[in-house]
Amino acid sequence: MKPIDYLKALGTAAAVLVLNLALTTALITVYGTLIEPGRPQSHYRDMAPQIGAWSGPAGGAILMFAAGLLLARRRHAARNVMAFMTATVAFYVALDLSLGLATAPAADVLTWSFAVSLGLMAAAGFVGAVVGGRRPARGEA
């Protein structure tokens, strides 16, 4: 990979993380306005981590799958898609871990569920890259 590819991988990881946080925020807003409107603000504050606990991992996996798929489809001849995805996943883990440790104690961040979530996100990214890299043989539609 070229040095610029690492910067692109960092941008991809940051974009996936920002989109995932936006998705989680949108789901919390939908919960507050459509599912249980009129509750005290403390109720929504208490529900946000519970909603984020399932929407964050699911959203991360879906978004990283999409990133892998798009990266593989837009493959440049000189770019190794798996190496690029490895860098993207590494940057995502570093960013997510940094944000987590900046807002909560390490014991609250470094959990099995966090590790499993990151593992699923990474696997989804690589699966997306594999699926996106498949090209139909000549004569196939």
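Residues numbered from 1 in each chain as written. Predicted model: local features only at pLDDT ≥ 70, side-chain atom pairs only at ≥ 80, totals over all residues. Heavy atoms only, no water.

1. Description of the environment of G68
With respect to the helices and strands, G68 occurs in helix α2 (residues 41-73). By relative accessible area, which is 0% here, G68 ends up buried. Distance in space between the C-alpha atoms of G68 and T12 is 9.8 Å, their sequence separation being 56 residues. Not counting chain neighbours up to four residues away, the residues in contact with G68 comprise M85, G125, G128 and A129. (Helix = DSSP H or I, 4+ residues; strand = E, 2+ residues; numbered from the N terminus. Buried < 20%, exposed > 50% of the residue type's maximum accessible area, 1.4 Å probe, protein only. Contact = heavy atoms within 4.5 Å.)

2. Focus on the environment of A67
Structurally, A67 is set in helix α2. A sequence separation of 18 residues divides A67 from M85, and the C-alpha atoms of the two residues are 8.6 Å apart. Among residues more than four places away in sequence, those in contact with A67 are T12, V16 and M85.

3. Looking at the nonpolar core
Within the largest apolar cluster, 17 residues are counted, with the highest numbers of intra-cluster contacts made by V16, M64, M85, V89, Y92, L118 and M121. Among the secondary structure elements, those contributing two or more residues to this core are α1 (3-35), α2, α3 (81-103) and α5 (112-133). Top contributing element to this core by residue count: α3, with five residues. Leave out the neighbours within four places in its chain, and M85 touches M64, A67, G68, L71, G125 and F126. (Core = buried A, V, L, I, M, F, W, Y, C linked by side-chain atoms within 4.5 Å.)

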